[in-house]
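# Summary of structural features
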Amino acid sequence: MLQTLLMLALMVAVFYFLLIRPAQKKQKDQQQMVSALAAGSRVMTTSGVFGTIVHLGERQAVLEIAPGIEMTVLKQAIMRSVSPAEEEFEYEDDASAAETDPADEGAQPSVDVPPAPDASPDTPFQRPDDAR
C-alpha cells in the first residue's frame, strides 16, 4: 500500500515538473511580454504576420502590417517582439515613395482577357470535362 502511494506521489511530481511548471512559466513570460508592449513596437503574431503596433487597448492592438494597411488583433495573438535583423523585408514609411505619376491615374492596365463563352439562359452550364 505504501509503495502504491509513493509511486502515485512520484507520478504527480513528475507531471508537475515536466508539464505544469514549464507551461505556467511560458504563460507568465507571455503575459509579461504583452504588458511591456508599446506603440511603435515591431511584433510578430502567432499566425506569422509582422507588424508595427499603432494603438494599444486593454484587449486589442492595431498593427500596421504595411504602409497604410492596419489590422486589429487580440493582444494575446502577439507572439513576440522582433528586431529589424529578424525581418527579411523593409517598408519605407515615406509617403513620397508610394506616389504615382499623375498622368497614369486615368490609365487602365492592359490585360488580355479571353472572351466570355457563349452562354444563353436556355442552356445549362457544362464543364469542359463533361463528356456527354
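The sections below set out a description of the structure shown in this document.

Criteria and thresholds
- Residues numbered from 1 in each chain as written.
- Predicted model: local features only at pLDDT ≥ 70, side-chain atom pairs only at ≥ 80, totals over all residues.
- Heavy atoms only, no water.
- Core = buried A, V, L, I, M, F, W, Y, C linked by side-chain atoms within 4.5 Å.
- Buried < 20%, exposed > 50% of the residue type's maximum accessible area, 1.4 Å probe, protein only.
- Helix = DSSP H or I, 4+ residues; strand = E, 2+ residues; numbered from the N terminus.
- Contact = heavy atoms within 4.5 Å.
- Expected span 1.5 Å × (residues − 1).
- Bend = angle between axes of the 7 residues up to and from the residue.
- Polar contact = N/O pair within 3.5 Å; in protein donor to acceptor, adjacent residues only side chain to side chain.
- Salt bridge = Lys/Arg side-chain N within 4 Å of Asp/Glu carboxyl O.
- Phe/Tyr/Trp six-rings, centres within 6.5 Å; stacked < 30°, edge-to-face > 60°.

This next bit is on the nonpolar core. Among the nonpolar cores identified, the biggest contains nine residues, and these are Met33, Val34, Leu37, Val43, Ile53, Ala61, Leu63, Val73 and Ile78. Contributing elements (two or more residues each) for this core: helix H1 (2-35) and strand E3 (60-66). In this structure, Ile78 is in contact with Gln30, Met33, Val34, Leu37, Val43, Met44, Thr45, Ile53, Ala61 and Val73, ignoring residues within four places of it in sequence.

Compared with the 50 Å implied by 1.5 Å per residue over 34 residues, the 47 Å span of H1 between its first and last C-alpha is a close match. Tyr16 marks the point of greatest bend in H1, at about 40 degrees.

Take the side chain of Thr45 next. Along the polypeptide, Thr45 turns up in strand E1 (residues 42-45). Engagement of the side chain of Thr45 in a polar contact is seen with the side chain of Ser47, the distance being 3.0 Å. Thr45 has contacts with Leu63, Ala77, Ile78 and Met79, leaving out every residue within four places of it along the chain.

It is worth spelling out the pattern of salt bridges at this point. Evaluation of the coordinates by the stated rule reveals two salt bridges. Of the charged contacts, one joins Asp29 and Lys25 as a salt bridge, the two residues approaching to 3.5 Å between their closest N and O atoms. In this pair, Asp29 and Lys25 both sit in helix H1, four residues apart, roughly one turn of the helix. For Asp29, a relative accessible area of 36% puts it in the partly exposed group. One salt bridge in this structure joins Arg80 and Glu86, with 2.6 Å as the shortest N-O distance. Glu86 gets classed as partly exposed once you look at its relative accessible area, which sits at 40%.

All told, the structure shown has one aromatic pair when counted by the stated rule. Judged by centre distance (5.1 Å) and plane angle (80 degrees), the rings of Tyr16 and Phe17 are edge-to-face. Classification of Tyr16 as partly exposed rests on a relative accessible area of 36%.

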